[in-house]
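# Structural characterization, general
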Amino acid sequence: VVHIKTGVDTEKFVPVSIEKSKELKINEQVIFTGKVPWKDINQYYQLGSVFVSASHTETQGLTLLEAMGASIPVVAYDDEAFRDAVIDDLNGYLFKEAEEYVSLIVKLMNDSKLYKKMCRQARINAESHSSKYYAEKVLDVYNMALGDDFGGKKEKKTFSSRMKNVIKKGLHGE
C-alpha cells in the first residue's frame, strides 16, 4: 500500500491509517510517502490497487477520475464533488467517517471478483467524464443553441437569445 499525502483533510485520516496498518500487522507493507511532486503522480497511479481520497474540499474530483482512468476503484470521502463519479458497489465507495474507509478498502481487497468488477467499472465511468465526452456535450449545447426550432417556432434569433432558450430548456426540462 502506498499512501500519498496530497490534501489538507488527509491529516486526520493518516493516523487512523497508520494505526490500522499496525493493528492488521501490515505496517511493513504500507508506505506513507508524504507529499509527492506533481510531475511524479502518474507513476503512483500505476502502482495503486485502490485510490483513496479523504478530501472534504474538492471542487471537481479530477484526481478520482484520473485514478479511475487507470482502472483503479475509488474509496473517497462522501463529498459533493465525488458523488457523480463514485457509485457505491459499482466503481468504489463513499464514506463519512475516518474509521469507515479502512473497512471499505479491506472489503474491496478481500473480494477479488468484486475488485475486478470495480476496476472495469472505474475505467468505464472515467470514459464518461473524458474530454471527448465533455466536448460532445458542449457540441450538443452549441447545436441546440444554433438550431432554429425552439418549441415549434421557427425564427431567426441572435446567439444570445438562442443560448437563453437552451438554458431554459435545461433548467425546466422542456
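Just above, that's the structure.
Residues numbered from 1 in each chain as written. Predicted model: local features only at pLDDT ≥ 70, side-chain atom pairs only at ≥ 80, totals over all residues. Heavy atoms only, no water.

Right, let's talk about the overall build of the protein chain for a bit. When you go through the protein chain residue by residue, the secondary structure sums to seven helices and seven strands. Along the protein chain, from the amino end to the carboxyl end, the secondary structure elements read β-α-β-α-β-α-β-β-α-α-α-β-β-α. For the protein chain, contacts bridging at least 24 residues in sequence account for 49% of all contacts bridging at least 6. Accessible area of the protein chain: about 11500 Å², with a carbon and sulfur share of 54%. (Helix = DSSP H or I, 4+ residues; strand = E, 2+ residues; numbered from the N terminus. Contact = heavy atoms within 4.5 Å. Areas by Shrake-Rupley, 256 points an atom, 1.4 Å probe, with all protein chains shown as cover.)

Further remarks concern the nonpolar core. Judged by nonpolar contacts, the single largest core of 17 residues is most densely connected at Phe-51, Leu-64, Met-68 and Val-74. Mapped onto this core, the elements with two or more residues apiece are helix H2 (41-47), helix H3 (62-69), strand S4 (74-77) and helix H5 (112-127). When residues of this core are assigned to their parent elements, the largest contribution, four residues, is made by H3. Leaving out residues up to four positions away in the same chain, Val-74 has contacts with Phe-51, Leu-64, Met-68, Val-86, Asn-91, Gly-92 and Tyr-93. Judged by nonpolar contacts, the second largest core, of 13 residues, contains Tyr-77, Tyr-93, Met-118 and Cys-119. (Core = buried A, V, L, I, M, F, W, Y, C linked by side-chain atoms within 4.5 Å. Buried < 20%, exposed > 50% of the residue type's maximum accessible area, 1.4 Å probe, protein only.)

Spatially, three strands are ordered S3-S4-S5 in an open sheet, and the strand pairing comes out parallel. Looking at strand neighbours, the two that pair on one side only are strand S3 (51-53) and strand S5 (92-95), the edges of this open sheet. Averaged over all pairs of adjacent strands, the angle between their axes in this sheet comes to 10°, without regard to strand direction. Pairing analysis gives four bridges linking S4 to S5, with the strands arranged parallel. Its bridge partner lying in S5, Val-74 is registered against Gly-92. Contacting S3, S4 and S5, helix H4 (residues 98-110) runs over the sheet at an angle of about 165° to S5. (Pairing = 2+ DSSP bridges. Axes fitted to C-alpha atoms, helices over the stretch in contact; angles between N-to-C directions.)

Once that is clear, we can look at the pattern of salt bridges. Oppositely charged side chains can pair when the atoms bearing their charge come close. Within this structure, the stated rule accounts for six salt bridges. Residue Lys-20 is joined to Glu-23 by a salt bridge in which the shortest nitrogen-to-oxygen separation is 3.1 Å. A residue pair is termed a helical-turn pair when its members lie 3 or 4 positions apart in one helix, as Lys-20 and Glu-23 do in helix H1 (residues 14-23) at three residues. The exposure class of Lys-20 is partly exposed, given its relative accessible area of 27%. Since its relative accessible area comes to 55%, Glu-23 is described here as exposed. A salt bridge links Asp-78 to Arg-83, with the shortest nitrogen-to-oxygen separation between them at 2.7 Å. (Salt bridge = Lys/Arg side-chain N within 4 Å of Asp/Glu carboxyl O.)

The subject of this paragraph is the side chain of Ser-21. Along the chain, the position of Ser-21 falls in helix H1. There is a polar contact of 2.7 Å between the side chain of Ser-21 and the backbone oxygen of Ile-18. (Polar contact = N/O pair within 3.5 Å; in protein donor to acceptor, adjacent residues only side chain to side chain.)

Turning next to H5. For H5, spanning 16 residues, the distance from its first C-alpha to its last is 23 Å, which sits close to the expected 22 Å at 1.5 Å a residue. For H5, the complete set of buried residues consists of Leu-114, Tyr-115, Met-118, Cys-119, Ala-122, Asn-125 and Ala-126. Buried residues of H5 fall within an arc of 140° about the axis and therefore sit on the same side. Opposite the buried face of H5, at more than 90 degrees from it, the exposed residues are Lys-113, Lys-116, Arg-120 and Ile-124. Buried residues along H5 sit against H3, S5 and H4. Two or three places before Lys-113, at the start of H5, stands the capping residue Asp-111, its side-chain oxygen 3.3 Å from that residue's backbone nitrogen. (Expected span 1.5 Å × (residues − 1). Arc of directions from axis to C-beta.)

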